[in-house]
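So you can see what is in the structure, the chains are spelled out below.
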Amino acid sequence: MPGGPAATGEGIGASAPKNKLAGIAMTAFAAFGGILFGYDTGTISGIIQMDDWLRTFGVPTTDTKTYPLGFYLPSSRESLVVSILSAGTFFGALLGAPAADILGRRLGIMASCLVFCLGVALQTGSHNLATFVVGRVFAGLGVGLVSTLIPMYQSECSPKWIRGAVVSGYQWAITIGLLLAAVVNNATKDRQDHSSWQISIAIQFIWAFILCSGMAYLPESPRWLIKKGKDKAAAKALSRLTSLDPHDPEVETELNDIRVALKEEMELGESSYLDCFRFSHNKIALRTLSGIFIQAWQQLTGINFIFYYGTTFFTNAGIKNPFLITIATNIVNVFMTLPGMWGVERFGRRSLLLWGAAVMCICEYLVAIIGVTISVSDTAGQKALIALVCIYIAAFASTWGPIAWVITGEIFPLNIRAKAMSLSVASNWLWNFGIGYATPYLVNTGPGNAGLGVKVFFIWGSTCLGCLIFTYFCIPETKGLSLEQVDLLYQNSTPITSVRYRKELIAQDLHISDLKGVSEARHDDKESTEKV
């Protein structure tokens, strides 16, 4: 699915009892940004099939047998309209890190809503393709900023023991946004004036208003406040998140842990993007490349083919009501994300990624095989295709959808985390753009197109096999580990042996202060490298 949450930061409440609901509730509200995110990326699939939108932005044709409306959308325009959002989100994701450092996590999210609203306004009021496309770009910038800032805020403010589930909740909100987009499109599709698509687009003002208004009442990230030297404000923010007095010993302990981590970061010095690809005992290059490529493989599962072009695909496959099928697939996506939120802390990251890739691979190969062997009028065959697509979406929603993003936030060391995360998120959106742009040329018929149709699932099945191989050799098991323990995991094991070594680390129950020697060793290693 289009880019999801990227968890970063230490989390709070590492030593707090597991009944502190204030911080969970506050950070859970931030997940509302996922609805804004999911709705915007999901609504375009149905809009480009609406009669009035085609008459306004499509190309006239005399081939009324193929195009009864007298208008059609060439592959070039379809690619541009659908994928240009991802071009905007690519740059928005890169801008997320400086926006978070300069404005703060909370104000950065509010500013992102304003950028997003500008894009929505341009799309709603457009009567030519150029204005509509520019609106998509600005909306994409807003979505890209949100895709970096909200999970960053969540993971820095949510209790450590439930961080993975909270960040996965943002992914769940994205699936709800996709479902709402499908429902609204289905409700307005039969209107024969501009309101058919303007209503679908303009509703996004509501999501942005709710998110921006709510964030005005939430506390800023204590970690960002301490980084800016605002210790009193940090204590007040943390007390709101933990429901404790600002002078409570537990609050002081948390603030001291953040200060220790920040001191270590300052001792390591400012890192550059080149440092993200440095070969060292800490396997920096492997970790950065793993983050970049796990985002690429997530996009290569083919999930966006369903959510961007599902309506068009189901129509071409001979299914009578493709809008309803799109709603059905989105319902599966919403409810099957819930087992993933639970399973990520129960079964672990690595095992779910492996099983998810295997199930998706089998389903997509079966869709391709059945699709090329049955006729459009074969009702039983069409139902089988829909069932397999739903199983495939269920496998993605409960594994690769949320977990790939949780992994991205957990594998980077402190001194390169912000830069490595921005590279990973940008990688997701870059592949999102590439796949969104290329897909119409792959599946559509006519001059200049490959005309693969349902055979494109042979490609997605093969890429899911690649996901399986990549996970086995490159992704370790990080469930239940602190970010410092993840450093030790990479230093002393391989992804294949990580499950066993992880159990040893948990048995030691290490804290930041216990790892002081490890921190000094890393600092000495950096100094010796600089001397060389």
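Residues numbered from 1 in each chain as written. Predicted model: local features only at pLDDT ≥ 70, side-chain atom pairs only at ≥ 80, totals over all residues. Heavy atoms only, no water.

## Here we look at the packing of helix 4 (residues 75–103) against helix 5 (residues 105–124)
As a packed pair, helix 4 and helix 5 sit with axes 7 Å apart at the nearest point and diverge in direction by 125 degrees. With respect to helix 5, the element helix 4 is oriented oblique. Every pair of crossing elements has a handedness; the one defined by helix 4 and helix 5 is right-handed. Residue-level contacts link Ala100, Asp101 and Leu103 of helix 4 to Arg105, Leu107, Gly108 and Ala111 of helix 5. A breakdown of the residues in the contact of helix 4 with helix 5 according to their chemical character gives four nonpolar, one polar and two charged. (Axes fitted to C-alpha atoms, helices over the stretch in contact; angles between N-to-C directions. Helix = DSSP H or I, 4+ residues; strand = E, 2+ residues; numbered from the N terminus. Parallel < 35°, antiparallel > 145°, perpendicular 65-115°, else oblique. Left-handed = near helix turned anticlockwise from the far one by under 90°. Contact = heavy atoms within 4.5 Å. Nonpolar A, V, L, I, M, F, W, Y, C, P; charged D, E, K, R; others polar.)

## Remarks on the nonpolar core
Trp53, Phe132, Trp197, Met215, Ile294, Trp400 and Phe457 are the most contacted members of the largest nonpolar core, which totals 116 residues. The biggest single contributor to this core is helix 6 (residues 129–157), with 12 residues. Not counting residues within four places of it along the chain, the set of residues in contact with isoleucine 294 comprises Leu353, Trp400, Ala404, Ile407, Thr408, Phe470 and Ile475. Formed by 12 residues, the second largest nonpolar core is a distinct cluster that contains Trp224, Val251, Leu255 and Leu262. (Core = buried A, V, L, I, M, F, W, Y, C linked by side-chain atoms within 4.5 Å. Buried < 20%, exposed > 50% of the residue type's maximum accessible area, 1.4 Å probe, protein only.)

## Regarding the packing of aromatic side chains
The final tally for this structure, using the stated rule, is 16 aromatic pairs. Between phenylalanine 29 and phenylalanine 32, the ring centres sit 6.2 Å apart and the planes meet at 10 degrees, which makes this aromatic pair stacked. Since its relative accessible area comes to 28%, phenylalanine 29 is described here as partly exposed. Geometrically, the ring pair formed by phenylalanine 57 and phenylalanine 132 is tilted, given 5.2 Å between the ring centres and 45 degrees between the ring planes. Linking phenylalanine 57 in helix 3 (residues 51–57) with phenylalanine 132 in helix 6, this pair joins segments that are 75 residues apart in sequence. Judged by relative accessible area, which is 1%, phenylalanine 57 ranks as buried. (Phe/Tyr/Trp six-rings, centres within 6.5 Å; stacked < 30°, edge-to-face > 60°.)

## Here we look at the packing of helix 16 (residues 349–373) against helix 18 (residues 400–410)
At a minimum axis distance of 10 Å, the contact between helix 16 and helix 18 shows a crossing angle of 145 degrees. The handedness of the crossing between helix 16 and helix 18 is left-handed. Here Arg349, Leu352, Leu353, Gly356, Ala357 and Met360 of helix 16 lie close against helix 18, whose contacting residues are Trp400, Ile403, Ala404, Val406, Ile407 and Glu410. Across the contact of helix 16 with helix 18, the residue classes break down as nine nonpolar, one polar and two charged.

## As for helix 9 (residues 204–215)
The terminal C-alpha atoms of helix 9 lie 17 Å apart, and with 12 residues this matches the ideal 16 Å at 1.5 Å per residue to within 8%. When we look at burial in helix 9, the residues that qualify are Gln204, Trp207, Ala208, Leu211, Cys212, Gly214 and Met215. Down the axis of helix 9, the smallest arc covering the buried residues is 165 degrees, so these residues share one side. (Expected span 1.5 Å × (residues − 1). Arc of directions from axis to C-beta.)

## Looking at a nonpolar patch on the surface
Residues Leu465, Ile469, Tyr472, Phe473 and Ile496 make up a contiguous nonpolar surface patch of about 470 Å² in total accessible area. In this fold, leucine 465 is placed in helix 20 (residues 456–474). Taking relative accessible area as the criterion, leucine 465 reaches 38% and is therefore assigned partly exposed. (Patch = residues over 30% accessible without salt bridge, like charges linked within 9 Å, V, L, I, M, F, W, Y side chains within 5 Å. Areas by Shrake-Rupley, 256 points an atom, 1.4 Å probe, with all protein chains shown as cover. Salt bridge = Lys/Arg side-chain N within 4 Å of Asp/Glu carboxyl O.)

## Digging into the pattern of salt bridges
Counting across every chain of the model gives eight salt bridges. Aspartate 101 is paired through a salt bridge with arginine 105; the nearest N and O atoms lie 3.5 Å apart. Overall, the relative accessible area of 28% leaves aspartate 101 in the partly exposed class. The network of salt bridges with common partners includes Asp101, Arg105 and Lys227.

## Details of the environment of tryptophan 405
For tryptophan 405, the location among the structural elements is in helix 18. The buried category is assigned to tryptophan 405, whose relative accessible area is 0%. Considering only alpha carbons, one finds tryptophan 405 and glutamine 171, 234 residues apart in sequence, at a separation of 8.8 Å. A distance of 3.4 Å separates polar atoms of two side chains, one belonging to tryptophan 405 and the other to glutamine 298. (Polar contact = N/O pair within 3.5 Å; in protein donor to acceptor, adjacent residues only side chain to side chain.)

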